[in-house]
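Next come the chains, spelled out residue by residue.
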Amino acid sequence: MLSVRMQRDQGIGPLVLLLLVGGYVVSGAESSDYSEAEVLPDSFPSAPAEPLPEFLLEPEDAFIVKNRPVQLRCRASPATQIYFKCNGEWVNQNDHVTRESLDQITGLVLREVDISVSRTQVEELFGLEDYWCQCVAWSSAGTTKSNRAYVRIAYLRKNFEQEPLGREVRLEQEVLLQCRPPEGMPVAEVDWLKNEDTIDPSQDSNFLITIDHDLIIKQARLSDTANYTCVARNVVAKRRSSTATLIVYVSGGWSSWTEWSECNARCGRGWQRRTRSCTNPAPLNGGAFCEGPPFQRVTCTTLCPDKKISIEHASHPLAPGMGVAVYAGLVGALLLCVILVLCVGVLAYRRRCRHLHGDITDSSSALTAAFHPGNYKPPRQDNPHPLHPSAPPDLTATAGAFRSPLFSLQQGVNDSPHKIPMTTSPLLDPLPSLKIKVYNASTLSSLELPADMCLGDGEILSLKSVGTMGRERDYHSHTLSREPGLSTSATLGNLGGRLTIPNTGVSLLVPPGTIPQGKFYEMYLIINKWDKTTLPSEGSQTVLSPVVSCGPSGMLLNRPVVLTLPHCAQLDTPTPDWTLTLKTQTHQGAWEEVLTVGEETLSSPCYLQLEEECCHVLMEQLGTYGLVGQSCPPQPACKRLQLALFAPRAPCLSLDYSLRIYCIHDTPHALKEVLDLERSLGGVLLEDPKPLLFKDSYHNLRLSIHDIPHTHWRSKLLAKYQEIPFYHIWSGSQRPLHCTFSLERGSLAVSQLTCKICVRQVEGEGQIFQLHTDIQETLPPHSPLPSGGTCLPSSQVGPYAFRLPDSIRQKICASLDAPSARGCDWRLLARSLGFDRYLNYFATKPSPTGVLLDLWEACHQADADLVSLATALEEMGKSEVLVVMTTDGDC
């Protein structure tokens, strides 16, 4: 910097020139070395000036999701100060978070500042302009402003502006499915799903997604028949449109005619025929059937052979007297048949209704079936006066089974030839004149039974006698519903066992030690029919499992048993959509809540382990139980249903034809019940049941039939569709629900039926049945149940019922029951097995590990995979137990 100052000394003529160069003052006298001819430079070197601030990081647009605040950040260099200004106003200095550092390369000061913006601040802004913020940075050279960053509240509306609609298109036709996503901030991104799989146009060039989010299928293929869903998502949520069902159909075409057949008459006039089939191509997915007849017939004539040959083969008349013998034989055979029919009728009647004319004097014969005293002891073999010469029954392995229409008490050689009849009375005590002698060691007790009492074979009588050594005894009974495949029973003792009703998913595990030593009980397991016991659903509750009874009720248990129930709640959502409650029925018939999942306390009498398709209930009180549930806001819950299509068994001899569609719970028991019902009605299942998710949305289930070949068939249904009310399905307490489509064919010669049946919940999911059948063709029985299923009860008694040997169980319990300071005890085992939802239940048991192992046995009754248990123990570091399992078990 150059500064020039001139001054005139007092009394001195010449001027003195003062030069200030770089902060130094140079006088004219001192610059005498400079010649007058030299010229001074225009500028002199100086220190470099500080530049304006430059932003290395500017604040970016942000969205507030729900109530979470957003962070805005900026960074500048060189900067002595940085402040935020939002909507024209400076942000309080205390709301800034500042960090300062030195750039190692330039040596300039680097400053970074953060602020937080909340939802409340954004909502308090009035006006048309969005909430914005920007940074202002200072240096000695001046200020610099950053770009504006806008802060908006993110949202996504629930309703689509336009949803895709289902269509039926012919093969190779272009298809347009439209979708306008809900309004949202930021704007939603759109994906398309085909049967729940994301469509990627880069992988399949037949698909095209437009800029307006529409889906175009360039040429419809048969494989494109599917359910299509438009999915919109942003940072807030994800929305799904209603499902659009696209059906690609193929109309039928005739094949070439076959050659004419040979004349069907060997002599004289007959006819020939030729056929063609509607297979070029065959109609698919509701496509039109071929027009015209499938066969043609013309007359033909065949020359007859010489008549003499026919005469030579004429039959000869009967010899004299042979006619009488033939007629006598026929009459005798007819009489014999009548006598046999009468005998069978008498025997059947006597079997159905027999009377007791004598007393039962052998306790072993009663105990073999359904009567087992709780403290029964067989008579000594050295008794000089045995009650009966037959040996006492083996109570540890005796299992009751429905071996005949009448489940009766077995008889000894000295007993009356009649069997004890059945009864419909709930208790035996009120019955007059009932007398049954029962010997237990040296004691005797009796009840009297009138000889004229005849009991139906539709029920089973199970008796239990409790008492000791001549004291007064109480007699109880339980009436078991004799429904094939819906009940089972077995005599169990201290070794325990397992009761299973095949093809229903229902079982009862009785662990070893549950029944006191020396006692035996006739235990039963029953699935109650709809007309017997109905579990009521209150308000928006829905029944999710069959109602199951296990007993005998009031039985003293030393440890919990495990009851397994199938359910139809959809549980694969990331957030809990259900509030599940276990209910039990009192002796008075009323229903009470036992526990609500997730709300257990120390006073809860049960523990419920929930899985995707079933639940396992640890309980110490036998009785009648069922699972109910209701939606947990804000999301509606879904039930898993099955749709089963039935038709009359071929051949059909009438012009009328009906199709029945059942809507049932997606549980093995519900399907088995409908199959048994249709079998009794003469119906057959046309194809495997289809799944359907039924949402708690108060929308009905709509059923409709389409693409009926009107040239040969007509529908008797006047309305366009049928509906099953929402509450009838959601309550779950109705009988199996179904709709019937009644059809009529034009003539008996019509045998081919092609149509389409659509089943969907209004504004929900749906399924389509593509039917192409020959109503005159006898099809083999079709059942989706396991081929090895049986209607007979199934039970396992003693050690054979358990996968884990008792020796290994005892060693695991001894190793894990005692609390460990490192937490390596039964609590860690519960967490490893996934049984840790409410540990306090197990903590109150004498052996928490034993109860956990009982629950593991119930959860793995199908596979009994010891590897999962061994893996859990290995992760816990219990190597000594693993050695035992490897040595004694089959892990």
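Keep in mind it's a predicted model, so treat the numbers as computed, not measured. (Residues numbered from 1 in each chain as written. Predicted model: local features only at pLDDT ≥ 70, side-chain atom pairs only at ≥ 80, totals over all residues. Heavy atoms only, no water.)

**Q** What am I meant to see in the overall build of the chain here?
**A** Summing up its helical and strand segments, the chain has 12 helices and 53 strands in all. In the chain, which comprises 891 residues, the proportion classed as buried is 42%. Excluding contacts between residues fewer than 6 apart, the proportion of contacts in the chain whose partners are at least 24 apart in sequence is 68%. A total of about 48,300 Å² of accessible surface is found on the chain, and carbon and sulfur atoms cover 54% of it. (Helix = DSSP H or I, 4+ residues; strand = E, 2+ residues; numbered from the N terminus. Buried < 20%, exposed > 50% of the residue type's maximum accessible area, 1.4 Å probe, protein only. Contact = heavy atoms within 4.5 Å. Areas by Shrake-Rupley, 256 points an atom, 1.4 Å probe, with all protein chains shown as cover.)

**Q** Which parts of the structure should I look at to understand the state of the cysteines?
**A** In protein structure, a disulfide is the covalent linkage between the sulfur atoms of two cysteines. Tallying each qualifying case throughout the model produces six disulfides. Disulfide pairing is shown between Cys-74 and Cys-135; the S-S distance is 2.0 Å. The S-S bond linking Cys-74 to Cys-135 shows a torsion near -95 degrees; that makes this disulfide left-handed. With a gap of 61 residues between them, Cys-74 in strand 6 (residues 70-77) and Cys-135 in strand 11 (residues 131-139) connect regions that are remote in the sequence. With a relative accessible area of 0%, Cys-135 lands in the buried category. (Disulfide = S-S within 2.5 Å.)

**Q** What is the right way to look at the packing of aromatic side chains in this model?
**A** Given two aromatic rings, one states the distance between the centres and the angle between the planes to describe the pair. Overall, the coordinates contain 12 aromatic pairs when judged by the stated rule. For the pair Trp-578 and Trp-730, a centre-to-centre distance of 5.7 Å together with 10 degrees between the ring planes defines the contact as stacked. Remark: Trp-730 occurs in helix 6 (residues 726-731) and Trp-578 occurs in strand 38 (residues 578-585); sequence separation between them is 152 residues. Among the aromatic residues, ring-to-ring pairing joins Trp-578, Phe-694, Tyr-698, Phe-726 and Trp-730 into one connected group. Taking the ring centre of Phe-769 as reference, the NZ or CZ of Lys-690 above it sits at 5.5 Å. (Phe/Tyr/Trp six-rings, centres within 6.5 Å; stacked < 30°, edge-to-face > 60°. Lys NZ or Arg CZ within 6 Å of the ring centre and 35° of its normal.)

**Q** Can you help me understand unusual backbone geometry in this one?
**A** Backbone torsion omega between Met-185 and Pro-186 reads 0 degrees, so that peptide bond is classified as cis. Counting through the fold element by element, Pro-186 comes out in the loop between strand 17 (184-185) and strand 18 (189-194). For the bond running from Asn-280 to Pro-281, omega is -5 degrees, close enough to zero to count as cis. Position of Pro-281 relative to the elements: it lies in the loop between strand 25 (268-275) and strand 26 (295-302). A positive phi angle, close to 70 degrees, is found at Glu-172, a residue other than glycine. Here Glu-172 is to be found in the loop between strand 15 (167-170) and strand 16 (175-177). Of note, Asn-195 is a non-glycine position whose phi angle comes to about 55 degrees, a positive value.

**Q** Can you walk me through a nonpolar patch on the surface in this structure?
**A** Together, Leu-171, Leu-222 and Leu-284 make up an exposed nonpolar region whose accessible area comes to about 220 Å². With respect to the secondary-structure elements, Leu-171 resides in the loop between strand 15 and strand 16. (Patch = residues over 30% accessible without salt bridge, like charges linked within 9 Å, V, L, I, M, F, W, Y side chains within 5 Å. Salt bridge = Lys/Arg side-chain N within 4 Å of Asp/Glu carboxyl O.)

**Q** Honestly, the sheet that holds strand 51 (residues 752-761) in this entry has me stumped. Any pointers?
**A** Each strand in a sheet pairs with another by means of backbone hydrogen bonds, the pair being arranged parallel or else antiparallel. Pairing within the open sheet is antiparallel, and its four strands lie in the order 49-47-51-52. With one partner strand each, in any of the chains shown, strand 49 (722-724) and strand 52 (766-774) form the two edges of the open sheet. Each strand of the sheet is rotated relative to its neighbour by a mean of 20 degrees, with strand direction disregarded. Bridging between strand 51 and strand 52 involves nine bridges; their strand directions are antiparallel. Looking at the pairing, Leu-753 lines up with Thr-773 of strand 52. (Pairing = 2+ DSSP bridges. Axes fitted to C-alpha atoms, helices over the stretch in contact; angles between N-to-C directions.)

**Q** Would you explain the packing of helix 7 (residues 806-816) against helix 10 (residues 848-859) in this entry?
**A** Two packed helices can be described by the angle between their axes and the distance between those axes. The contact between helix 7 and helix 10 brings their axes to 9 Å, and the two run at 135 degrees. Our classification of the angle between helix 7 and helix 10 gives oblique. When helix 7 is examined against helix 10, the residues Arg-809, Ile-812, Cys-813 and Leu-816 are found in contact with a partner set consisting of Thr-849, Gly-850, Leu-853, Asp-854 and Glu-857. Taken together, the residues that form the contact of helix 7 with helix 10 break down as four nonpolar, two polar and three charged. (Parallel < 35°, antiparallel > 145°, perpendicular 65-115°, else oblique. Nonpolar A, V, L, I, M, F, W, Y, C, P; charged D, E, K, R; others polar.)

**Q** What exactly am I supposed to notice about the nonpolar core here?
**A** Buried together is how nonpolar side chains tend to be arranged in soluble globular proteins. Residues Leu-508, Met-523, Leu-525, Leu-659 and Ile-757 are the most contacted members of the largest nonpolar core, which totals 70 residues. Once you skip the residues sitting within four places of it in the chain, Leu-525 turns out to touch Leu-486, Ser-487, Thr-488, Leu-499, Ile-501, Val-506, Ser-507, Leu-508, Val-548, Ser-549, Cys-550 and Leu-563. In this structure, Leu-509, Ala-801, Leu-829 and Leu-852 belong to the second largest nonpolar core, which totals 32 residues. (Core = buried A, V, L, I, M, F, W, Y, C linked by side-chain atoms within 4.5 Å.)

**Q** Help me understand the pattern of salt bridges, please; the structure alone is not making it clear to me.
**A** Side chains that differ in sign of charge can pair as their charged atoms come close. By the definition in use, this model includes 29 salt bridges. A salt bridge links Arg-714 to Glu-744, with the nearest nitrogen and oxygen atoms 2.8 Å apart. You can see Arg-714 sitting in strand 48 (residues 713-715) and its partner Glu-744 sitting in strand 50 (residues 737-745), a full 30 residues away along the chain. We classify Arg-714 as partly exposed; its relative accessible area is 45%. What emerges from the salt-bridge pattern is a single network uniting Arg-73, Arg-75, Arg-99, Glu-112 and Asp-114.

**Q** Would you explain the pairing of strand 44 (residues 656-665) in this entry?
**A** Within a regular beta strand, the side chains point alternately toward one face of the sheet and then the other, so they alternate between its two faces. Strand 44 sits mainly inside the fold: nine of its 10 residues count as buried. Bridge count for strand 43 (residues 638-648) against strand 44 is six bridges, and the pairing is antiparallel. By the bridge assignment for strand 44, Gln-642 is matched with Ile-664. As judged from the eight bridges shared by strand 44 and strand 50, these two strands associate in the antiparallel manner. Within strand 50, the position partnered with Asp-656 by the bridge is Glu-744.

**Q** In this structure, what is going on with the sheet that holds strand 21 (residues 215-217)? I would like to understand it.
**A** Taken in spatial order, the three strands of this open sheet run 16-21-20, and their pairing is antiparallel. Edge positions in the open sheet fall to strand 16 and strand 20 (207-209), since each of these has one partner strand only. Pairs of neighbouring strands in the sheet enclose a mean axial angle of 20 degrees, with direction left out of account. Two strands pair when backbone bridges link them, and strand 20 and strand 21 are joined in this way by three bridges, in the antiparallel orientation. Residue Phe-207 lies in a different strand from strand 21, and its bridge partner there is Ile-217.

**Q** What am I meant to see in the environment of Leu-627 here?
**A** Within the secondary structure, Leu-627 sits in strand 42 (residues 624-631). As a C-alpha pair, Leu-627 and Thr-584 span 43 residues in sequence and 9.0 Å in three-dimensional space.

**Q** Help me out: how do you make sense of the packing of helix 8 (residues 826-833) against helix 10 in this one?
**A** The contact between helix 8 and helix 10 brings their axes to 9 Å, and the two run at 15 degrees. With respect to helix 10, the axis of helix 8 lies roughly parallel. When the axes of helix 8 and helix 10 are compared, the crossing they make is left-handed. Side by side, helix 8 and helix 10 meet where Trp-826, Leu-829, Ala-830 and Leu-833 of the first sit next to Pro-848, Thr-849, Leu-852 and Trp-856 of the second. Residue composition of the contact of helix 8 with helix 10, by class: seven nonpolar, one polar and no charged. (Left-handed = near helix turned anticlockwise from the far one by under 90°.)

**Q** Whenever I open this one, the environment of Leu-535 confuses me. Can you help?
**A** Within the element layout of this structure, Leu-535 appears in the loop between strand 34 (521-527) and strand 35 (542-543). Considered as a pair, Leu-535 and Ser-733 are 198 residues apart in the sequence and their alpha carbons are 6.4 Å apart. Not counting residues within four places of it along the chain, the set of residues in contact with Leu-535 comprises Val-543, Val-547, Lys-583, Trp-591, Gly-626, Leu-627, Val-628 and Ser-733.

**Q** How should I be thinking about helix 5 (residues 668-681) in this particular structure?
**A** Each full turn of the α-helix corresponds to 3.6 residues, which orients residues three or four apart in the same direction. Counted at 1.5 Å a residue, the expected span for helix 5 with its 14 residues is 20 Å, and the 20 Å between its end C-alpha atoms agrees. Listed as buried for helix 5 are His-669, Ala-670, Leu-671, Lys-672, Glu-673, Val-674, Leu-675 and Glu-678. The elements touched by buried residues of helix 5 are strand 34, strand 43, strand 44 and strand 45 (683-685). (Expected span 1.5 Å × (residues − 1).)

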